[in-house]
Each structure stands twice: as C-alpha cells, then as structure tokens.
Amino acid sequence: MIKNENLSSLAVKNSAFGIIAAIISKVGGALFIILIARLLLPKLFGIYSLVISIIIIILTFADFGLNGTVVRYVSKALGKENFGKARAYIRYTLKLKLLLLLILTLGILVFSKFLAYDLYKNPLLFYPLLFSSFYIIIESLRAFFGNLFLAIKNLRPIPPLEF
C-alpha cells in the first residue's frame, strides 16, 4: 500500500493536510472565542472559560495515552503487513477509550451539581457542566479516530475532523 508510493511525496502531501488542519483549527477557534466573548459578556464568558478549563482537564484523563498507543502499535503492525494484529490493537484501545469515557462522563453527570453549587457556589455552572459531558465524548473520539488516520498514513480526513 505505502511501499509503492514515494516517501517524500507522501510526506509533502500529508504535511499539507496537517497544515490545513492546523490553520482551520486555530482560525476557527480564534473566531469562535471572539464571537462567544462578545455574545456572553464578562460574567457568562467567565463561566464558559471555567467549564472549558474543567473539560480540558478531563480530556487529559480521557486520552490516557491511548491516542499515541494507536499511532505507534497500529502503524507498526501495518508496516509488517499484520492486518489482524492492527485490527486487534484498534479494537482493544477503542474498548479502553469507551470505558474511560463512560467512567468520566458518569463522573461529570454525578458531580456536576456538587461542583456548581458547593465547590464554586455558582448555579449557572450546572447545565454547562452537564452538556460538556457530550462534548467530552465527541472530542475524545474525534482525537482517537484522527490519530487512527495518522497511524494508517492517511491525513486527508483530518482537516474536516478539525472543523
């Protein structure tokens, strides 16, 4: 599959897709933050920023090194043309990822009321924390499958995933 293709052209092509994905992500993120800051005003934007900070911390635990594991072991198995082993790595890491997401999502759903009312003493945090659990699931799976495309050396689907 990859042996017939020139490695330098593969690197240039995949680098171009990586640059496009980075530009889409950065420009889109900056425009979104500017728009949200204008719409929410200072108090609600502060709540939004706090929820985003909590989400980023939880996403760090949701990764648990599984995204890097997929890239390393799946690409190694595919390099040896051991497709069964690559498929087994994907299944196993996906099961671990889904188990971690289930635990973390249930944790957010259970502790969001405590975080909002008792810890931060701000009831406006409750619903954003609840809805952030869906974002955590979506973002974690997006990162997992983005790294899976990286492992199979096909970066073409990644720019739409970044949007």
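Preceding this paragraph is the structure being described.
Everything numeric here is computed off the predicted structure, so don't read it as measured data. (Residues numbered from 1 in each chain as written. Predicted model: local features only at pLDDT ≥ 70, side-chain atom pairs only at ≥ 80, totals over all residues. Heavy atoms only, no water.)

Draft legend 1. Structural detail: the overall build of the protein. Each helix and strand counted, the protein has 5 helices and 0 strands in total. In sequence order, the protein lays out its α and β elements as α-α-α-α-α. Among the 163 residues that make up the protein, the fraction classed as buried is 27%. Contacts in the protein between residues far apart in sequence, at least 24 positions, make up 69% of those at least 6 positions apart. (Helix = DSSP H or I, 4+ residues; strand = E, 2+ residues; numbered from the N terminus. Buried < 20%, exposed > 50% of the residue type's maximum accessible area, 1.4 Å probe, protein only. Contact = heavy atoms within 4.5 Å.)

Draft legend 2. Inspection of unusual backbone geometry at higher detail. We note that Leu-41 has phi near 70 degrees; this positive angle belongs to a residue other than glycine. Mapped onto the secondary structure, Leu-41 falls in helix H1 (residues 7-63). Look at Glu-81: it is not a glycine, yet its phi comes out positive at around 55 degrees. Mapping Glu-81 onto the fold places it in the loop between helix H2 (66-79) and helix H3 (83-119).

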